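Fold and contact review
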Amino acid sequence: MFNQIAVIGAGTMGNGIAHIFAQHGYKVNLVDLNPEQLEKAIATIRKNLERQVAKGILSAAESQQAIDNITTTSGLGEGVNRADLIIEAATENTQLKLSIFSEIDKLAPANAVLATNTSSISITQIASATQRPEKVIGMHFMNPVPVMKLVEVINGYSTEKQITQQIVELSKKLGKVPAVVNDYPGFIANRILMPMINEAIYSLYEGVAGVEEIDTIMKLGMAHPMGPLQLADFIGLDTCHSILQVLHEGLGNPKYAPCPLLTNMVTAKKLGVKSGEGFYLYTAGSKELVVHPRFRP
């Protein structure tokens, strides 16, 4: 069914997707315009595979085979021209994704399935940039990809049932649990998660409680492994803001509008873990969770 996989984008999600496919024996072309990003991605994949070996999940030979299954290229045509399945994992930007899908539609084999790892952008809109909307589908992995079991499989308006079934079966072969949803803003994961995060930010903004109190209540009271403010930092405050904008514009309901505090933080480029500052401070090599001084009593 699928033998040759192409992954477009070698960032956090892209390298995780390449990792999980390669680990399960698939040949993967990892594509990124930036050669340095490709080098960084392979180093990350190697490090994560070594961690799996240390935990007894993989043997050293299996880890090496996974690395050997991955080829990198900065050429889009070279990356997709023999692929059965192409998974786009670029930045969560509508115009960028439309441009990528328009290009890969021209370069990929006619029978190739085109998937996107988008967490909120319309699959139907992305498919409209191609001449094969029936072969376009959402394949939303969770971060970190090698660890998280869920794959949110999203049908576009024209996605063929056979394609959905193939992606569901493929997800199971990767050791994942697929959940099929339809194409409406935010799908299910982010339609429910992002308003919760936004409400947590509003609670901080309005002085109802502090950062630690909000996260502690949700962790201990609701059995969440990570509080919503820490999770927002982990996801990236800019990503949270973008998804909330998609929900707000797509559903036309003011309850999805990003909290002004979130907007200000994104404008100030305080984006969470990726920038070293968010609701918490992040220091390389340290696992200690330190509330940002701005949010301390």
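Residues numbered from 1 in each chain as written. Predicted model: local features only at pLDDT ≥ 70, side-chain atom pairs only at ≥ 80, totals over all residues. Heavy atoms only, no water.

Section: the sheet that holds strand β6 (residues 136–141)
As summarised here, the arrangement of the eight strands in space is β3-β2-β1-β4-β5-β6-β7-β8, forming an open sheet in which the pairing is mixed. At either end of the open sheet lies a strand with only one pairing partner, and these are β3 (70–73) and β8 (177–182). Taking the axes of each pair of neighbouring strands and ignoring which way they run, one obtains an average angle of 25° across the sheet. Two elements, β6 and strand β7 (residues 150–155), share five bridges in a ladder whose sense is antiparallel. Across the sheet, I137 pairs through a bridge with N155, a residue of β7. Across the face of the sheet, helix α2 (residues 35–54) comes into contact with β2 (27–31) and β3 while running at roughly 160° to β3. Contacting β4 (85–88), β5 (113–116), β6, β7 and β8, helix α7 (residues 161–173) runs over the sheet at an angle of about 25° to β6. (Pairing = 2+ DSSP bridges. Helix = DSSP H or I, 4+ residues; strand = E, 2+ residues; numbered from the N terminus. Axes fitted to C-alpha atoms, helices over the stretch in contact; angles between N-to-C directions. Contact = heavy atoms within 4.5 Å.)

Looking at the layout of surface pockets
Of the voids in this model, the second largest pocket is the one considered here, and its volume is about 240 Å³. Top element by residues in the lining of the second largest pocket is helix α11 (residues 237–251). It accounts for six residues. Here the residues of the lining of the second largest pocket sort into five nonpolar, seven polar and three charged. (1 Å grid on protein atoms, 1.4 Å probe; cavity = no way out; pocket = protein on both sides within 12 Å on 5 of 7 lines; lining within 4 Å. Points joined across faces, edges and corners; volume = space filled by probe spheres on them. Nonpolar A, V, L, I, M, F, W, Y, C, P; charged D, E, K, R; others polar.)

Brief notes about the UniProt feature "domain: 3-hydroxyacyl-CoA dehydrogenase NAD binding" (unreviewed entry) in the protein
According to UniProt, the "domain: 3-hydroxyacyl-CoA dehydrogenase NAD binding" (unreviewed entry) feature falls on residues 4–183. Between the C-alpha atoms that bound residues 4–183 there is a distance of 27 Å. The span itself is 43% helix and 22% strand. (UniProt positions renumbered as here; feature names shortened; annotations may be inferred.)

So, helix α12 (residues 260–267)
Those residues of α12 that sit buried are L261, L262 and M265. The buried residues of α12 all sit within an arc of 100° when viewed along its axis, so they share a single face. For α12, the exposed residues lying more than 90 degrees away from the buried face are N264 and T267. The elements touched by buried residues of α12 are α8 (189–205) and α11. Positive backbone phi, approximately 65°, marks K269, located one or two places after α12. (Buried < 20%, exposed > 50% of the residue type's maximum accessible area, 1.4 Å probe, protein only. Arc of directions from axis to C-beta.)

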